[in-house]
Amino acid sequence: KKGLIEIQHSNPKVFRAVSIPEATETLRKEYTERVAELQKSLEIMDPIDDDGSVKHEVWTLSGSAAIENRINQLTTEAEEELLLIFDQRVDLSGRLIDHLAEAAARGANVLIGTTDESTQRQLQEHLPRTSVFLSELKWLDESPIPKDDTTISRLLLVDKATIMVSTFEETTPENGVREQAVFGRGFNNGFVAIVRRLMAAGLGTLPANDP
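Residues numbered from 1 in each chain as written. Predicted model: local features only at pLDDT ≥ 70, side-chain atom pairs only at ≥ 80, totals over all residues. Heavy atoms only, no water.

**Q** Could you give me a rundown of the packing of helix α2 (residues 64–75) against helix α3 (residues 94–105), with the residues and numbers involved?
**A** It is the contact of α2 with α3, at a shortest axis distance of 9 Å, that shows an interaxial angle of 15°. When the axis of α2 is compared with that of α3, the two are roughly parallel. The element α2 and its partner α3 pack so that their crossing is left-handed. Residues N69, I71, N72 and T75 of α2 form the contact with α3, whose own contacting residues are R95, L96, H99, L100 and A103. For the contact of α2 with α3, a count of residues per class yields four nonpolar, four polar and one charged. (Axes fitted to C-alpha atoms, helices over the stretch in contact; angles between N-to-C directions. Helix = DSSP H or I, 4+ residues; strand = E, 2+ residues; numbered from the N terminus. Parallel < 35°, antiparallel > 145°, perpendicular 65-115°, else oblique. Left-handed = near helix turned anticlockwise from the far one by under 90°. Contact = heavy atoms within 4.5 Å. Nonpolar A, V, L, I, M, F, W, Y, C, P; charged D, E, K, R; others polar.)

Right under this line is the structure:
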C-alpha cells in the first residue's frame, strides 16, 4: 500500500523492496501531501477576527516543542521591542537565533537576558545588533513561597503588548521535566500589564512609569 515493495507476478510470487532513494522519495511525497492537506484544513478552521482588533486574551500551552514554535512565531511580529529572558536549561535553536537577528535588522530593540556569562558572550557574538545582558531578576528562579520549586524557563515580551511566560516543572524521574506556558495579548490586558511592570522594575530596560 505504501508503494515500497515490488511484486513479480510469477509462480510463486516474488517480492523485493524498492531502492532506498525511491523509497525516500515516495515517503517524502506522501508526507508533503499530508502536511499540505493539514495546513489547508487548519486554515479553514482558523477563526477570523472581523474587525482586526487585538483581543485581550490569555491562553496556555504545554510541551517544549509547542512553546518553541509559538516563540518563533512571536519574534517575527516584533516591530519596536523584543525582550527574551531564558533559563540555562533552554537550548536556543538556530531558527530562533535567525528570527532574533531579523527582528534587530527590522529596527526592533532586541534585548536578551541570560544568567550565564559564557552564554552572554556567545549570543553577543552571534547577534551583534542586539543587547545581551545578565539577568538579575531573582524571582525568575527563586520563589519566596515555601516548597515552590517551579522555575521560569522563558519570558518573552513583544512590543510591550504580547507576553509569554513558560515554566519548568519537575515530574517523575521517568518523565523528567515538563514545560508549560501562559500566553497573553493586549497592552491593557491585566496579565500582560503585571508581568511588564515586574520586568520593568527589575531590569530598568523598560520605562518604570509604563502606564
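**Q** Give me the lowdown on the side chain of E179, citing residues and values where you can.
**A** Within the secondary structure, E179 is located in strand β9 (residues 177–185). Here the side chain of E179 touches R154 through a polar contact of 2.8 Å, side chain to side chain. Not counting chain neighbours up to four residues away, the residues in contact with E179 comprise S62, G63, S64, I67, S153, R154, S166, T167 and F168. (Polar contact = N/O pair within 3.5 Å; in protein donor to acceptor, adjacent residues only side chain to side chain.)

**Q** Before we move on, could you go through unusual backbone geometry and cite the residues and values that matter?
**A** Excluding glycine, residues mostly carry a negative phi; peptide bonds, for their part, are mostly trans. Following N11, the chain continues into P12 via a peptide bond in cis, with omega recorded as 5°. On the secondary structure map, P12 appears in the loop between β1 (5–8) and β2 (14–17). The phi dihedral of D159 is positive, around 50°, even though this residue is not glycine. Looking at the element boundaries, D159 is found in the loop between β7 (151–158) and β8 (162–170). Judged by relative accessible area, D159 falls into the partly exposed class, the value being 21%. Unusually for a residue other than glycine, K160 sits at a positive phi of about 60°. Tracing the backbone shows K160 in the loop between β7 and β8. (Buried < 20%, exposed > 50% of the residue type's maximum accessible area, 1.4 Å probe, protein only.)

**Q** Go over the pairing of strand β6 (residues 131–134), please, and point to the residues and values.
**A** Where strand β5 (residues 109–114) meets β6, four bridges bridge the pair, whose relative direction is parallel. Its bridge partner being in β6, T114 is matched across the sheet by L134. Taken together, β5, helix α4 (residues 117–126) and β6 constitute a β-α-β crossover, and its handedness is right-handed. (Pairing = 2+ DSSP bridges. Right-handed = clockwise from strand over helix to strand, strands pointing away.)

**Q** Before we move on, can you summarise the pattern of salt bridges with the specific residues and values?
**A** Inspection of every chain in the model, using the stated rule, returns eight salt bridges. Linking E30 and K2 is a salt bridge whose minimum nitrogen-to-oxygen distance equals 2.9 Å. In this pair, E30 is assigned in helix α1 (residues 20–45) and K2 in the segment before β1, connecting sequence segments 28 residues apart. When its relative accessible area of 44% is taken as the criterion, K2 is described as partly exposed. Connected via shared salt-bridge partners are K2, E30 and R34. (Salt bridge = Lys/Arg side-chain N within 4 Å of Asp/Glu carboxyl O.)

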